[in-house]
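Given next are the chains, with one letter for each unit.
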Amino acid sequence: QVQLVESGGGLVQAGGSLRLSCAASGSISSINAMGWSRQAPGKQRELVAAITSGGRTNYADSVKGRFTISRDNAKNTVYLQMNSLKPEDTAVYYCAANIGMLATRDYWGQGTQVTVSS
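Residues numbered from 1 in each chain as written. Predicted model: local features only at pLDDT ≥ 70, side-chain atom pairs only at ≥ 80, totals over all residues. Heavy atoms only, no water.

**Student:** Could you give me a rundown of the packing of aromatic side chains, with the residues and numbers involved?
**Tutor:** Across all of its chains, the model carries zero aromatic pairs by this definition. Here Arg-19 stacks its cationic end above the ring of Tyr-79, 4.1 Å away from the centre of that ring. The residue whose ring lies beneath Arg-45 is Tyr-94, and the NZ or CZ to ring-centre distance is 3.8 Å. (Phe/Tyr/Trp six-rings, centres within 6.5 Å; stacked < 30°, edge-to-face > 60°. Lys NZ or Arg CZ within 6 Å of the ring centre and 35° of its normal.)

Put into structure tokens, the structure is as follows:
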């Protein structure tokens, strides 16, 4: 069984910063891509940022230049550094990981709330 546990969410004022972490544990053969998505009330879940096992990254246009995704493969952990936060960044943030070698599967964390006040 694989678990993804997120941490680092909270309440911050507009313009502030937060750093989210997500650690994978359990029966892990190989972690491929990892990423962060978010879901605001009444909206669909959207991909925020993703990173491949080789370190290639991609971002949603709305967060480019403000958010940075990174990973520590030795710790099976992915991070999301969020700077210059805006009220519209308020959402539940979920991490995800694609795990496996010949057969892969996506795993999701339980989510962490990020609230940005104006």
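After that view of the structure, there is still more to cover.
**Student:** I'd like a rundown of the state of the cysteines, residues and numbers included.
**Tutor:** Such a bond, covalent and formed between the sulfur atoms of two cysteines, is termed a disulfide. Inspection of every chain in the model, using the stated rule, returns one disulfide. The partner cysteine of Cys-22 in its disulfide is Cys-95, sulfur to sulfur 1.9 Å. Of this pair, Cys-22 sits in strand S3 (residues 18-26) while Cys-95 sits in strand S9 (residues 91-100); the two residues are 73 residues apart in sequence, bridging distant segments of the chain. In this pair, the class of Cys-22 matches that of Cys-95, namely buried. (Disulfide = S-S within 2.5 Å. Helix = DSSP H or I, 4+ residues; strand = E, 2+ residues; numbered from the N terminus. Buried < 20%, exposed > 50% of the residue type's maximum accessible area, 1.4 Å probe, protein only.)

**Student:** Please set out the pattern of salt bridges residue by residue, giving values where relevant.
**Tutor:** Oppositely charged side chains may form a pair once their charged atoms are brought near each other. The final tally for this structure, using the stated rule, is four salt bridges. A salt bridge links Asp-61 to Lys-64; the nearest nitrogen and oxygen atoms lie 3.1 Å apart. One salt bridge connects Asp-89 with Arg-66, and the closest N-O pair in it is separated by 2.7 Å. Here Asp-89 is found in the loop between strand S8 (77-82) and S9, whereas its partner Arg-66 is found in the loop between strand S6 (57-59) and strand S7 (67-72), with 23 residues between them in sequence. Residue classification places Asp-89 among the buried residues on the basis of a relative accessible area of 1%. Each of Arg-38, Glu-46, Arg-66 and Asp-89 takes part in salt bridges that share partners, so that together they form one network. (Salt bridge = Lys/Arg side-chain N within 4 Å of Asp/Glu carboxyl O.)

Function cannot be read off these values alone, since they describe shape.
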